[in-house]
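Listed here are the chains, written in short residue letters.
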Amino acid sequence: MARKHPNNGSEGYNSRWGRTRLYQHWSEVSWATSLRCGRKTLLCSFSLHLIECPKDVKIVSKGYYMANGINMSPDKRHILYMWQICLNTMCMCSIKKTIHLAPVKVNRFQMGKLVLISLVIAALSALLGERILNLRKRTLASRELVRNHLPNCVTLKHLSHGSEDITVVRDGLAFISTGLKYPGLPGSDVPGKIYSVDLQDPRMKPVELRMPRNFDLDIFNPHGISAYIDTNDDEIYLFVVNHPQHKSQVEVFRFVEDDHSLVHLNTIKHELLYSLNDIVAVGVDSFYATNDHYFSHEIFKAVVEPLLFQPWSNVVYYSPKDVKIVSEGYYMANGINMSPDKRHIYVADVLDHNVHLLERKEDNTLAPVKSVALGSLCDNIEVDPETGDLWLGCHPNGWKMFVSDPNDPPGSEVIRIQKIHSDEPVVTQVYADDGQVIMGSSVATTYGGKLLIGTVFHKALVCDLK
Ligand SMILES: [Ca+2]
Ligand SMILES: [Ca+2]
């Protein structure tokens, strides 16, 4: 049965050849498929061109994505086509070409096979399109940020290659991890380092911590960090998520304050610690850590898993005698930290735009209490030991983080949660920037009326809190 041509107006009409007969063949010769157009995958169609003369109807040229306009050269020796592809708002392509006509035979078996293949590809393309739309929604791709700046902001020295995680230990002593290389996000070739900064010192000058000689600095790729103070001797233990060759392991150091150095104590690897993001130490050799992905291969992490978008991320408890998954069902568990009384754990689900409050049980499992919506893609969590407030470095538009266009940079947002254990937690945006000052904030922490903001791959900023 004849199918209506999509171009219902006068476009493409040629009175000499007539229109009706041509369109009777349309259903036989047009179908959808997908193709790559430049760097974008698009839903397009391809079709055959029909030419008709009295007593001779045959396909004379084929293989177009969507044959459209047709006309002849002045010398009548060539047929000129212009056709447009791209049914997707992401891209528009236009191609002009001159074709030499020659009859082409197409049998029905070939046609059937091509139709089937094309339908499968079209279905996959439609699914991919739906997944991309879903990812854009989850990453708040359409969100435009209104600036909400703080006074007297200055950048910290030596930290131009990221400061993904920061934690304040005591008396204004902060540790900073820098130089993260993370699949799908910008990074530098500079090896990872750990800095400390004294927030009581008005100069706010970060100092690179000396690393032990037996530690391989070339493959040091530090990510989330957590400090644990042993109450027996006041020693500070620094737990660092490390990704050598994009694998996951935890490095445990002891901080030597006198000469600003770290002593490497242990490297912890385990099959359940496969895609680590952040960590919170609960003893000198025990911790909770988040696995932010289900897969560990970087391509699956960067491309496949965001498109699948399943709640396959989890939290693992580790001690030398007991390793287990203690909480799961996150879309992308990221920052993790503990309440000052050590009874509760907080986990930020960056792609679900919330933070979860969980209660620690005697066997170190975690029982969900509630979640608090944040309206942003929040990364690491720091907890004010005095007030119990949560401070979160957030990505206001995660899509811009993936795309990393210098002309449209990802912004930064700092969110504070007060009274999280009450029936009415108070969520406040404390700082926001559209990327002109600071891109990709991943952590925020306060000390002495100052707000310290760290980023995944950009600089670190310190501002006065109003
Ligand atoms: Ca952390
Ligand atoms: Ca993180």
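Residues numbered from 1 in each chain as written. Chains lettered and ligands numbered in written order. Predicted model: local features only at pLDDT ≥ 70, side-chain atom pairs only at ≥ 80, totals over all residues.

A. Region of interest: the overall build of the protein. When helices and strands are counted, the protein shows 5 helices and 30 strands. Of all 466 residues assigned to the protein, the portion counted as buried reaches 35%. A separation of at least 24 residues holds for 51% of the contacts in the protein among residues at least 6 apart in sequence. (Helix = DSSP H or I, 4+ residues; strand = E, 2+ residues; numbered from the N terminus. Buried ≥ 20, exposed ≤ 12 C-beta atoms within 10 Å, placed from the backbone. Contact = placed C-beta atoms within 7 Å.)

B. Focus on the UniProt feature "active site" (unreviewed entry) in the protein. When the UniProt feature table is mapped onto this chain numbering, "active site" (unreviewed entry) sits at H223. Along the chain, H223 turns up in strand β12 (residues 222-229). With 24 C-beta atoms packed within 10 Å, H223 lands in the buried category. (UniProt positions renumbered as here; feature names shortened; annotations may be inferred.)

C. View of the sheet that holds strand β11 (residues 207-208). Strand order across the open sheet formed by 4 strands is β8-β9-β10-β11, with antiparallel pairing between neighbours. In this open sheet, the two edge strands, each paired with only one partner strand, are β8 (165-170) and β11. Where strand β9 (residues 173-178) meets strand β10 (residues 193-198), 6 bridges bridge the pair, whose relative direction is antiparallel. When the sheet's bridge partners are listed, T178 is paired in β10 with K193. (Pairing = 2+ DSSP bridges.)

D. Representation of helix α3 (residues 108-138). The end-to-end C-alpha separation of α3 is 44 Å, in line with the 45 Å expected for 31 residues at 1.5 Å each. Once α3 ends, the next one or two residues include L140, with phi positive near 55°. (Expected span 1.5 Å × (residues − 1).)

E. The arrangement of the environment of A373 in detail. Mapped onto the secondary structure, A373 falls in strand β23 (residues 366-373). Taking the number of C-beta atoms within 10 Å as the measure of exposure, A373 has 11 and is therefore exposed. Between the C-alpha atoms of A373 and D352, which are 21 residues apart in sequence, the distance is 8.4 Å. With sequence-adjacent residues up to four places away left out, A373 is seen in contact with H353 and N354.

F. Region of the structure containing unusual backbone geometry. Despite not being glycine, L140 shows a phi value in the positive range, around 55°. As for its position among the elements, L140 is in the loop between α3 and β7 (154-155). For H353, which is not glycine, the phi dihedral falls at a positive 60°. Among the structural elements, H353 can be located in the loop between β21 (344-349) and β22 (354-360). Using a count of 20 C-beta atoms within 10 Å as the deciding quantity, one classes H353 as buried.

G. Broad picture of the nonpolar core. By size, the foremost hydrophobic cluster in this structure holds 78 residues, and its most contacted members are F239 and A289. The element best represented in this core is strand β13 (residues 236-242), accounting for 5 residues. Ignoring sequence-local partners within four residues, the contact set of A289 consists of V241, V250, L273, L276, D278, I279, V316, Y318 and I336. (Core = buried A, V, L, I, M, F, W, Y, C linked by C-beta atoms within 7 Å.)

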